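Okay, here's what each chain looks like letter by letter:
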Amino acid sequence: MTIPTSNAANPLEAAHSTTLLAPTASAPKGGDGRSPGKLAWRRFKRDRTGVISAYVVIFFFVVAICAPLIAKLYGKDPYTTYGANDTSLLDDFGSPVLPNGGMSSDFWFGIEPGLGRDVLTFLLYGIRNSLLIATATTLLVAVIGIAVGITAGYLGGRTDYLVGRVIDVLLAFPSTLFFIAFWPVMLSILVSPEESTPVWLTVVSLITIMTAFGWASIARLLRGEVLALREREFVEAARVTGASPARIIFKELLPNLWTPILIQATLALPAFVTAEAGLSFLGVGLTEPTPDWGVMIERGSDVYQSDITFMLFPGATMVIFVIAFNLLGDSVRDALDPKTKR
């Protein structure tokens, strides 16, 4: 009598065959290992408000950069007084003869009451000058705020105390009153009263003064962030391994601060746009005949009773830009920090 043998006589062979037949785990998909930057970009693209705001902001910057080219193709410039050269464009009271501020095929946005300058080119160059000043100020404020905030937060001690007091003074200082009171004094020191102030000097002075009073807020924010980060484990590990302070700042701290830096920058730029326009409106910044948002609004406030159209274009465009940039800043904040949802 023969005894039947099992097909898997050896238990090890049976276990090995079972292992080979078992389904293998699927490899992770490529999207599961996205970097934080890619995840933030993906969240931003899903925000329709942020995307539309970004397109509006990009449009304004493209218009500002291409203002000379657009004016050349249009065939007008912001300095020629077309109404004074052609008396048929203005009536006896200096108002445009044609309705809606003198809009026509020759002057798409009309002409300025009194002097008859072309509104479209004046607005294009005004956007260019305002965004130039605001962008330069924002970049300088970010650089100074980053340097001062990180230095004070990392060093601590007496350095942190002194920087903190300076920041408190700057944040409590009435900067607008300072501009109005000391702007003529500063220009009289730099330029003789008999000479006209160069435009470049006015622009540099505006950028300098707004930067001097604008870096404190971002420096205070970054100082607080660094005070919390310098006690974290990865910073302590870098110190133990003998990393220099510069390496700790640039390799360990700064990469963790880009989110508040970007958020503060997107919120600061529209604030500087309105601040610069307000100073020009008060006669403390750019003045005629230099094109500027504030200059146009100030001029429009003088002629709105006879021609409200002239104030409509600079006022509407500035409001659209500031709202779009503020909405863009909110969208960037939500994309970088998804825990804070609107």
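In this text, all values refer to a predicted model and were calculated from it rather than measured experimentally.

Caption draft 1: Layout of the overall build of the protein chain. When helices and strands are counted, the protein chain shows 15 helices and zero strands. Expressed as a percentage of the 342 residues in the protein chain, the buried residues total 40%. For the protein chain, contacts bridging at least 24 residues in sequence account for 70% of all contacts bridging at least 6. For the protein chain, the accessible surface area stands at approximately 19,700 Å², while carbon and sulfur atoms represent 65% of it.

Caption draft 2: Region of interest: the nonpolar core. Formed by 67 residues in total, the largest nonpolar core has its most connected members in L131, L253, V273, W293 and F321. Not counting the four nearest positions on each side in its chain, L131 is found in contact with F60, F61, A64, V273, W293 and F321. With ten residues, the next largest nonpolar core counts Y82, L89, F107 and I111 among its residues.

Caption draft 3: Region of interest: the packing of aromatic side chains. Summed over the entire model, instances satisfying the criterion amount to eleven aromatic pairs. With 5.5 Å between their ring centres and 65° between their planes, Y82 and F107 make a pair best called edge-to-face. You can see Y82 sitting in helix α5 (residues 82-85) and its partner F107 sitting in the loop between α6 (99-102) and α7 (119-155), a full 25 residues away along the chain. Accessibility assignment for this pair places Y82 and F107 in one class, buried. Relative to F321, the ring of W293 has its centre 6.0 Å away and its plane inclined at 45°; by these criteria the two rings are tilted. Note that W293 is positioned in helix α14 (residues 293-303) and F321 in helix α15 (residues 309-336), a separation of 28 residues in sequence. For W293, a relative accessible area of 0% gives the class buried. Through a chain of ring-to-ring contacts, the aromatic side chains of F59, F60, F61, W293, F321 and F325 assemble into a single cluster. When the ring centre of F107 is taken as reference, the NZ or CZ atom of K76 above it lies at 5.1 Å. It is R165 that lies over the ring of Y161; its NZ or CZ is 4.8 Å from the centre.

Caption draft 4: Fine view of the packing of helix α3 (residues 48-65) against α7. Contact pair α3 / α7: the axes reach a minimum separation of 8 Å and the direction vectors enclose 110°. Relative to α7, α3 is oriented roughly perpendicular. Along its contact with α3, which presents F60, F61, V63, A64 and I65, the element α7 presents L124, I127, R128, L131 and T135. Taken together, the residues of the contact of α3 with α7 break down into eight nonpolar, one polar and one charged.

Caption draft 5: Layout of the pattern of salt bridges. A full pass over the atoms with the stated rule returns eight salt bridges. We note a salt bridge from D168 to R165, for which the minimum N-O separation is 2.9 Å. Note that D168 and R165 are positioned in helix α8 (residues 157-172) at a spacing of three residues, about one turn of the helix. A single salt-bridge network, built from bridges that share partners, covers E112, R117, E288 and R299.

Caption draft 6: Structural context of the packing of α7 against helix α10 (residues 199-229). Viewed as axis vectors pointing N to C, α7 and α10 meet at an angle of 35°, and their least axial separation amounts to 6 Å. Crossing of α7 against α10: the hand is right-handed. Counted by class, the contact of α7 with α10 contains 21 nonpolar, six polar and one charged residues.

Caption draft 7: Just unusual backbone geometry, in detail. Between E288 and P289 the backbone carries a cis peptide bond, its omega angle lying at 5°. Checked against the element boundaries, P289 lands in the loop between α13 (258-281) and α14. For N100, which is not a glycine, the phi torsion comes out positive at approximately 55°. The topology assignment puts N100 in helix α6.

Basis of the calculations
Numbering of residues starts from 1 in each chain and follows the order in which that chain's sequence is written. Only residues with pLDDT of at least 70 get local features here, since the model is predicted, and only at 80 or more are side-chain atom pairs given and counted; chain-wide, interface and lining totals rely on the full set of residues. Processing note: side-chain calculations cover all non-hydrogen atoms of the structure and skip hydrogens and water entirely. To qualify as a helix, a DSSP run of H or I must reach at least 4 residues; to qualify as a strand, a run of E must reach at least 2; elements of each kind are numbered from the N terminus. For every residue, the accessible area obtained with a 1.4 Å probe (protein chains only) is divided by the maximum for its type, and the residue is called buried under 20%, exposed over 50%, and partly exposed between those limits. Between two residues, a contact is recorded if the distance between any of their heavy atoms is within 4.5 Å. Areas reported as accessible are Shrake-Rupley estimates using a 1.4 Å probe. Residue values count occlusion only from the protein chains shown. Side-chain atoms within 4.5 Å are what join buried Ala, Val, Leu, Ile, Met, Phe, Trp, Tyr and Cys residues into a set we call a nonpolar core. Note on aromatic contacts: the rings of Phe and Tyr and the six-membered ring of Trp form a pair at centre separations within 6.5 Å, being stacked when their planes are under 30 degrees apart, edge-to-face when over 60 apart, and tilted otherwise. Here, a charge over a ring is recorded when the distance from Lys NZ or Arg CZ to the ring centre is within 6 Å and its angle to the ring normal is within 35 degrees. Here, axes are lines fitted to C-alpha atoms. For helices the fit covers the stretch in contact, and angles between N-to-C directions go from 0 to 180 degrees. To sort the angles, those under 35 degrees are grouped as roughly parallel, those over 145 as roughly antiparallel, those from 65 to 115 as roughly perpendicular, and the leftovers as oblique. Polar here means any residue outside two lists: the nonpolar Ala, Val, Leu, Ile, Met, Phe, Trp, Tyr, Cys and Pro, and the charged Asp, Glu, Lys and Arg; Gly therefore counts as polar. The working definition used for a salt bridge is a side-chain nitrogen of Lys or Arg within 4 Å of a carboxyl oxygen of Asp or Glu. The handedness criterion is simple: a crossing whose near helix is rotated anticlockwise from the far helix by less than a right angle is left-handed, and one whose near helix is rotated clockwise is right-handed.

In short, shape yes, function no, at least from these values alone.
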